[in-house]
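# Descriptive structure summary
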Amino acid sequence: MAFDRLDGFDRRQFLRAAGGLAAVTALPGALAACGSSSKGSSGGTPTLRLVGVADQQKPLDELTKLYPQAKFTASYAPTDQVQTAVRTQLGAGNAPDLHVVYPGNGSAMSMAQIAQAGLLADLSSEQWTQLIPANFKPAFQLQGKTYIYSAGSSVIGAIYNKKVFQQAGVQPPKTWSELLDVCAKIKKAGKVPIALGAQTPWVTQLITYALVPSTVYAKNPQFDTQMQAGSASFAQSGWRDAMNMYLELQKRGFFNDNPNGTTFEQQTSMVATGKAAMAIQVSAVLPDYRKAAASADDLGMFPFPGAETAADVWIPAGVVVGLGVSARSKNLDAAKAFIEFLGKQENIDRWAASVACIPLKRSASSKIDPVLESFLPLIEGNKAVPFMDQAWPNSEVQPTHFAVVQELLAGKTTVDKGLAKMDEIYRKK
């Protein structure tokens, strides 16, 4: 069955936005059990151990309660702990039955990295996998086999406090120059223009990711292919412009003091409580921001403009973090059956609504969070590109990017040196 249309959207345009951002959110505590849980199984009902990251807790709490065929012990950990602890458990053979997996390639817990090590169960026989469009397949599949479930796609943009914008007399900007002007007016009004929680490593990448679609892919859509062929580089591309724009925001005093000493949680609180005007974030964390705000209606989201003309602004959009089944699970059939349950349309819709993402497949009853409306014209207009790390050839480029940004913010390196380091790691065999 072909899937060339997406309930009014052109799939070939919209679903270019397949990506694998290995970054969502963090929660204090290391793999502490929470959510649906059981100390054991009874009457033949299996107990499945599940480990996820914080932004998966809300949908999984709801969906595990709706699934009577199994009991669950569920744990949620910060991204960096998942990247190490669960990866180690996978290799040691004592992994959870179900666990977080990041789409595509580019991190230690990404689909491609784990699947090629033989540590993920093949989900290809499940009916929902037939819904995956061609442009999403690199995020879901390795060598034609599906190894990850994800409910849909999210975007990166500016989550902003409407009251702070109103008090400063500004509107969401549509160009880079307008953004600088908006930030200057917000700063003059006594607020932090952009909250940056760069102490949390994955947060460091988001401003770069928000800018690079406009500075790189809008001008050269073949950049990833050229990188893989060795005919392009980070250092000699629009990545250099994006990094310099990142630093310009810092030099103009548009970030909070000491971004490298500020966490994701602190960043969230600053925007939600009106101490800061905005933060560049992935839409999947909107529930965290709404929870911290006095009212969810206080918050909006807009595309972060990385170009001098609105027509040249492109955005990043990618498949949201998902779940996989351990190939060594002692409850393999039961774990795969739960993934099949998640693949039902009503459950795709439940998960997507919970994390403010666009469902993998839409039905007449599917809903898209209103804050994403300003992103849809760019997606429909073929101006959305995958999260950058999905196309990277190894799991070391992303943490190198994290470190480079932190060093740039601390004044310990230069853009040229930082991008040269990323190129070196990209080419590493």
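Residues numbered from 1 in each chain as written. Predicted model: local features only at pLDDT ≥ 70, side-chain atom pairs only at ≥ 80, totals over all residues. Heavy atoms only, no water.

Per the secondary structure count, the protein chain includes 17 helices and 16 strands. For the protein chain, contacts bridging at least 24 residues in sequence account for 78% of all contacts bridging at least 6. For the protein chain, the accessible surface area stands at approximately 16600 Å², while carbon and sulfur atoms represent 49% of it. (Helix = DSSP H or I, 4+ residues; strand = E, 2+ residues; numbered from the N terminus. Contact = heavy atoms within 4.5 Å. Areas by Shrake-Rupley, 256 points an atom, 1.4 Å probe, with all protein chains shown as cover.)

On to the nonpolar core. Inside soluble globular proteins, nonpolar side chains tend to come together where they are buried. By size, the foremost hydrophobic cluster in this structure holds 90 residues, and its most contacted members are Phe 234, Trp 239, Leu 249, Met 278 and Phe 304. Those residues in contact with Phe 304 that lie beyond four places of it in its chain are Gly 157, Ala 158, Trp 176, Leu 179, Ile 207, Ala 210, Leu 211, Leu 249, Ile 280 and Val 313. Counting residues in hydrophobic clusters, the runner-up holds 55 residues, among them Leu 63, Ile 114, Phe 136 and Trp 351. (Core = buried A, V, L, I, M, F, W, Y, C linked by side-chain atoms within 4.5 Å. Buried < 20%, exposed > 50% of the residue type's maximum accessible area, 1.4 Å probe, protein only.)

Below, the discussion takes up the pairing of strand E14 (residues 322-325). Side chains Gly 322 and Gly 324 project from E14 onto one buried face, and the interleaved Leu 323 and Val 325 project onto a second face that is buried too. Where strand E6 (residues 98-101) meets E14, four bridges bridge the pair, whose relative direction is antiparallel. Note on E14: the bridge partner recorded for Val 100 is Leu 323. (Pairing = 2+ DSSP bridges.)

For the structure shown, the criterion picks out 20 aromatic pairs. Ring centres 4.8 Å apart and planes at 55 degrees place the aromatic pair Phe 72 and Phe 338 in the tilted group. Highlighted residues: Phe 72 in strand E5 (residues 71-76) and Phe 338 in helix H13 (residues 332-342), separated in sequence by 266 residues. For the pair Phe 72 and Phe 338, one class covers both residues: buried. An aromatic cluster is defined as three or more aromatic residues linked by ring pairs; in this entry it consists of Tyr 209, Phe 234, Trp 239, Trp 392 and Tyr 426. (Phe/Tyr/Trp six-rings, centres within 6.5 Å; stacked < 30°, edge-to-face > 60°.)

Here we come to the side chain of Thr 400. Among the structural elements, Thr 400 can be located in helix H16 (residues 397-409). From its side chain, Thr 400 meets the backbone oxygen of Glu 396 in a polar contact 2.7 Å long. In contact with Thr 400, not counting residues within four places along its chain, are Lys 421, Met 422 and Ile 425. (Polar contact = N/O pair within 3.5 Å; in protein donor to acceptor, adjacent residues only side chain to side chain.)

It is worth spelling out helix H10 (residues 238-251) at this point. Think of an α-helix as 3.6 residues a turn; residues three or four steps apart then line up on the same face. Taking 1.5 Å as the rise per residue, H10 with 14 residues should run 20 Å; its terminal C-alpha atoms sit 20 Å apart, in good agreement. Looking only at H10, the buried set comprises Gly 238, Trp 239, Ala 242, Met 243, Met 245, Tyr 246, Leu 247 and Leu 249. Contacts made by the buried residues of H10 are with helix H7 (176-188), strand E10 (192-194), helix H8 (205-217), helix H9 (223-229), H16 and helix H17 (415-426). Phi for Gly 253, located one or two positions after H10, is positive at around 75 degrees. (Expected span 1.5 Å × (residues − 1).)

Even without a glycine there, the phi angle at Ala 356 is positive, about 55 degrees. Here Ala 356 shows up in the loop between helix H14 (345-354) and strand E15 (358-359). One non-glycine residue, Asn 382, lies in positive phi territory at about 65 degrees. In this fold, Asn 382 is placed in the loop between helix H15 (376-380) and strand E16 (384-385).

Inspection of every chain in the model, using the stated rule, returns eight salt bridges. The closest approach of N and O atoms between Glu 248 and Arg 252, which form a salt bridge, is 3.0 Å. (Salt bridge = Lys/Arg side-chain N within 4 Å of Asp/Glu carboxyl O.)

Every buried residue of H13 is accounted for by Ala 335, Phe 338, Ile 339, Phe 341 and Leu 342. On an axial view of H13, the arc spanned by its buried residues comes to 155 degrees, and they lie on one face. Residues of H13 that are buried in the fold lie against strand E4 (47-52), helix H2 (57-65), E5, E6, E14 and H14. (Arc of directions from axis to C-beta.)

Time to look at the packing of H8 against H16. Axis separation between H8 and H16 bottoms out at 9 Å; the angle between their running directions is 105 degrees. The angle between H8 and H16 places the two elements in the roughly perpendicular class. Where H8 approaches H16, its residues Gln 205, Thr 208 and Tyr 209 are matched on the opposing element by Gln 398, His 401, Phe 402 and Val 405. (Axes fitted to C-alpha atoms, helices over the stretch in contact; angles between N-to-C directions. Parallel < 35°, antiparallel > 145°, perpendicular 65-115°, else oblique.)

The next subject is the environment of Pro 201. Inspection of the secondary structure puts Pro 201 in the loop between E10 and H8. Taking the C-alpha atoms as reference points, Pro 201 and Ala 403, separated by 202 residues in sequence, lie 7.7 Å from one another.

What follows deals with the pairing of strand E9 (residues 152-161). A large share of E9 lies buried, amounting to 10 of its 10 residues. The pairing of E9 with E15 spans two bridges and is classified as antiparallel. If you follow Gly 152 over to E15, its bridge partner there is Pro 359. Here three bridges tie E9 to strand E13 (residues 315-319), and the two strands are oriented antiparallel to one another. Across the sheet, residue Val 155 finds its bridge partner in E13, namely Ala 317. Alignment of E9 against strand E11 (residues 276-282), held across five bridges, turns out to be antiparallel. Following the sheet pairing, Tyr 160 is matched in E11 by Met 278.

So, to be careful, I would describe these as geometric facts and stop short of saying anything about function.
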